[in-house]
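# Commentary on secondary and tertiary structure
One letter stands for each residue in the lines below.
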Amino acid sequence: MTIAVVVLLTGAVVGLGVRRGNGPAPQPATMQLADGWSIASTADATASGQEISTAGFGTETWAAAQVPSTVLAALVADGEYPNLYDGTNVDRVPTSRFAVPWWYRTEFTLADDPGAHTWLHLDGINYRAQVWVNGRMLAGSDQIVGTYRAFDLDVTTAVHSGVNALAIRVDPVDVHRDLTITWIDWNPLAPDAGMGIWQPAWISRTGPVTVSDPQVETHLPLPDTSSADLTISATVRNASDETQATDVRAAFGDVTVHRSVDLPAGATATVTFDPTTDPALHLTDPPLWWPYRDGAQPIEHLSVTASVDGAVSDTAATNFGIREVTSERTAEHHRQFSVNGVPVLIRGGGWAPDMLLRPEPERTDRELQLVRDLGLNAVRLEGKLETDHFYDEADRLGILVLPGWMCCDHWQENEHWTREDYTVAGGSMSTQAVRLRNHPSVIAFLIGSDTSPPPRIASMYVRALRGADWPDPILASASQDGSAATGPTGVKMTGPYDWVPPGYWYDPRGPGAAFGFNTETSAGASIPELESLRRFMTPGELHALWTDPTARQSHAGTGASRFATFRLFDRAMAARLGRPTSLARYVQEAQVLQYENERAMFEAFSRNRATSSTGLIQWMLDNAWPSLHWNLFDWYLEPNGSTFGAMEANRPLHVLYGYDDRSVSVTNDTTHASGSITVHADVFDTSGRHVWSASTETSVPQDGVRTVLRLPAASALPDLYFLRLELESGGFPLDRNTYWLARTMDTSDFAHSQWYVTPTSTYADMRALQDLSVAQPQIGSCTDGRGEGRVDVRNRTDHVVFFLRLRLTTADGANVPTRWGAGDVTLMPGESRAVGFHIDPATPIDGLRLSASGWNTPASTTAVGGCFP
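The structure reproduced in this document is the subject of the present report. (Residues numbered from 1 in each chain as written. Predicted model: local features only at pLDDT ≥ 70, side-chain atom pairs only at ≥ 80, totals over all residues. Heavy atoms only, no water.)

This part takes up the environment of Arg805. Within the secondary structure, Arg805 sits in strand S45 (residues 801–809). Arg805 has contacts with Glu529, Gln591, Pro639, Asn640, Gly641, Phe644, Asp824, Ser851, Ala852 and Ser853, leaving out every residue within four places of it along the chain. Among the polar contacts made by the side chain of Arg805, one reaches the side chain of Asp824 at a distance of 2.7 Å. (Helix = DSSP H or I, 4+ residues; strand = E, 2+ residues; numbered from the N terminus. Contact = heavy atoms within 4.5 Å. Polar contact = N/O pair within 3.5 Å; in protein donor to acceptor, adjacent residues only side chain to side chain.)

Listed below in structure tokens is the structure:
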């Protein structure tokens, strides 16, 4: 039996990191304190905590709030700051309002339950707070401190049956001295710096013994996966002043195990079940959890009950998946993750929550579904550890999660840490380890970001993780910087973060090129489509976007960031495609650059999986507010060129062009061999004339790559040409991929590479694309009325249809949220393409319209209703 220390604070019991478990919440004896809150600044609400936490205290002049919510998020929801993300509106919010503490207040009603123990659970407060209940301060701001710590307070003696009052005074956040949430160059810091109750608050009532922190560990006899040994543990705690004979019962599926334990007064113990004592925990043919594309994602539900004298005292629950994650360094010293013994090429993006930290489950669901639509299998969280709903949804969808601490702020400025910082950091690690350890989607924890923590702190983190029986790999950082506590990382953080040409990713001289595991890399700008831009940018900002490459864009990171201008991106655009003559053309050219670069990056890592690449994280996946860079879809979840380039590159069975050696390869990201397939390669000039072709048959093993063809020397091809690649089996199309290539390609100045970019010496000349003849394809569309539909595009002209974008709208022109199977379609003369789409099944079909426009295709709008036979 393991006895833990219980810390007594001002009449309350506070357990650092004690949780009832992830999974379905609330439990039967819990009450979520979500609605009915009011907030006010202490500059306005001058009453004492004793008064404010008394039932019936008047809050008529306070702002309404829900929890979780930061202060500013509550004020926005209450209507005080409308359209906060438009233009530079966020700059108009006075930060002085948040330089003083704010009160959160609510009331809750308890039934008469003699002998019950009542607990107040605070899952996350940013950054420190006082807690008052019914006129009593139960914990001070020297005790409730730390963004990522969770606190459980025994409030039994402070509450009573009937109406109770809870008041929490939250102090201002100091982003320079607190281990809090910051943004660096992603976007502006919220004016309130995220102060508030940003995670749930809830009440539970129990008998004398509580149960929390249920855990399930999986052990597989790898490489054999025909059996699994599970170890179940939970923490039980006697909150009474006498010994309690306790029966602890754990159950999932058809398996039930139990243990009797005598708990002395005030004692805490860990109860463990494993196959040596409970043979039912040895499973044959277990239902394994796999990442997206590698198999199914079965989720198991565990409940753990503590009973005293035959009556249930408390219950905790968690969801889990049966899987085992391992990692090792390859012969080339690159980090390779494996799930259930199968190596996985990590293809992911950097995740950003809302800038105001608002929990938005429906939005989260849509974003994580977009991850799968993009063909990605992972997200990385840098210091923005998410809601329980996020991890549950990642579990369900099979999306791997790489959480870790933040860079470039007080988390990394360890030389300035105080004794309290060490306490907060260690408690944060313990809390998050317990919170995340059962999620099958979570495959590692990065205890540092740009750099590894110093030895003392790294060891503290590792002790906290191992003390929580963390089952997964621990990395010292997201860079090459390892530590003695964890060993070498085997990953790199070499960028780039600004525009580089598509061929960069294939050249091993590029620091961020397709070898190893790059935890942060991108080509910078990701300009939304015009409809989205007009939703958050002023006319003046829009004009500067396309006319002034030196203009600092408020929606491209912080004002001091080197990424706040598009100087490098605009230079490449003008040189490669021609200087744009309007905002619309600027946006269109941006889509072309974004598409080809995202496609090339993901394709290079995918092709090199057989030799040198093990993973990449696109920096980033999404944004914390409407943004012009570092995303694979925009703030409104609308696609752009980055979206469709990544989507094309990450198809399960995919044919691609290698910019380094002019090769044609096929990648197989499925769990089975391809069988016999045929590869066709065709070259067309800009008039649409066919000038070269080749075909071959091949087969590709599961998780494999085959290089099957090479293009002729560039000198044998036109100055500018289209390469159309097709993959088919028995006449059935499997993939189609089209490139626009110049005889003279871009060259990079690797000798002058910097941390954020490698300069481009010369640019591929593709300006002849401006001279493409107008081509108007035939377009039909239909839907089954249940959310599924397709668009048929037929190019019956003699010209190339280049970069055709499709969009569904209502009758009045408003965008209809749509998940597309492809986008930015290019067709040679005589070709056709069917593009699938999915919309909310509740979307009215009457009045649904399809808009289509392209590089050389005039805009058209037709009713949805007739696909071609």
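Judged by how many residues are buried, helix H11 (residues 641–649) sits mostly within the fold: 9 of 9 residues are covered. Among the residues of H11, Gly641, Ser642, Thr643, Phe644, Gly645, Ala646, Met647, Glu648 and Ala649 are the ones counted as buried. Near the N-terminus of H11, the side chain that reaches the backbone nitrogen of Ser642, with its oxygen 2.8 Å away, is that of Asn640. (Buried < 20%, exposed > 50% of the residue type's maximum accessible area, 1.4 Å probe, protein only.)

To continue, consider the sheet that holds strand S10 (residues 128–133). Spatial ordering of the open sheet is given by S5-S4-S7-S13-S10-S11, a layout of 6 strands whose pairing is antiparallel. On the outer flanks of this sheet lie strand S5 (63–65) and strand S11 (136–145), each paired with one strand and no other. Neighbour to neighbour, the strand axes of the sheet diverge by 25 degrees on average, direction disregarded. Bridge count for strand S4 (residues 37–41) against strand S7 (residues 102–110) is 4 bridges, and the pairing is antiparallel. In the strand pairing of S7, Ser41 is matched with Trp102. (Pairing = 2+ DSSP bridges. Axes fitted to C-alpha atoms, helices over the stretch in contact; angles between N-to-C directions.)

Here we take up the side chain of Glu541. Note that Glu541 resides in helix H8 (residues 539–547). Despite its burial, Glu541 pairs with no opposite charge; the closest candidate is Arg92, at 8.6 Å N-O. For Glu541, the side chain forms a polar contact with the main-chain nitrogen of Thr538, separated by 2.8 Å. Discounting chain neighbours no more than four positions away, the residues touching Glu541 are Gly87, Thr88, Phe536, Gln553 and Ser554. (Lys, Arg positive; Asp, Glu negative; His and termini not counted. Salt bridge = Lys/Arg side-chain N within 4 Å of Asp/Glu carboxyl O.)

A side chain of one charge can pair with a side chain of the opposite charge when the charged atoms of the two come close. Within this structure, the stated rule accounts for 39 salt bridges. Of the charged contacts in the structure, one is a salt bridge between Asp247 and Arg249, with a shortest N-O distance of 3.6 Å. The partner of Arg724 in a salt bridge is Glu726, with the nearest N and O atoms 3.6 Å apart.

The next point concerns the nonpolar core. Core analysis: the largest hydrophobic core is formed by 228 residues, its most contacted members being Trp37, Ile168, Tyr461, Leu533, Phe569, Leu769 and Phe802. At 12 residues, the largest contribution of residues to this core is made by helix H10 (residues 583–607). Setting aside chain neighbours within four positions, we find Leu769 in contact with Leu577, Leu720, Phe722, Trp740, Phe802 and Trp855. Counting residues in hydrophobic clusters, the runner-up holds 30 residues, among them Val209, Val216, Leu220 and Val271. (Core = buried A, V, L, I, M, F, W, Y, C linked by side-chain atoms within 4.5 Å.)

A separate point is the pairing of strand S8 (residues 117–122). Of all 6 residues making up S8, 6 are buried, and the element is well covered by its neighbours. Going residue by residue along S8, you find His117, Trp119 and His121 tucked away on one face and Thr118, Leu120 and Leu122 tucked away on the opposite face as well. Note that S8 and strand S15 (residues 201–206) share 6 bridges and pair antiparallel. By the bridge assignment for S15, Leu120 is matched with Ile203. Bridge count between S8 and strand S12 (residues 151–154): 4 bridges; the pairing is antiparallel. Pairing of His121 across the sheet is with Asp152, part of S12.

Here the focus is the packing of helix H5 (residues 419–436) against helix H6 (residues 455–467). Relative orientation of the contacting elements H5 and H6 amounts to 35 degrees, with a least axis distance of 8 Å. Where H5 crosses over H6, the two elements pack in a sense that is right-handed. Contacts from Tyr422, Ala425, Gly426, Met429, Ser430 and Ala433 of H5 reach H6 at Arg456, Ile457, Met460, Tyr461, Ala464 and Leu465. Residue classes in the contact of H5 with H6 are distributed as 9 nonpolar, 2 polar and 1 charged. (Left-handed = near helix turned anticlockwise from the far one by under 90°. Nonpolar A, V, L, I, M, F, W, Y, C, P; charged D, E, K, R; others polar.)

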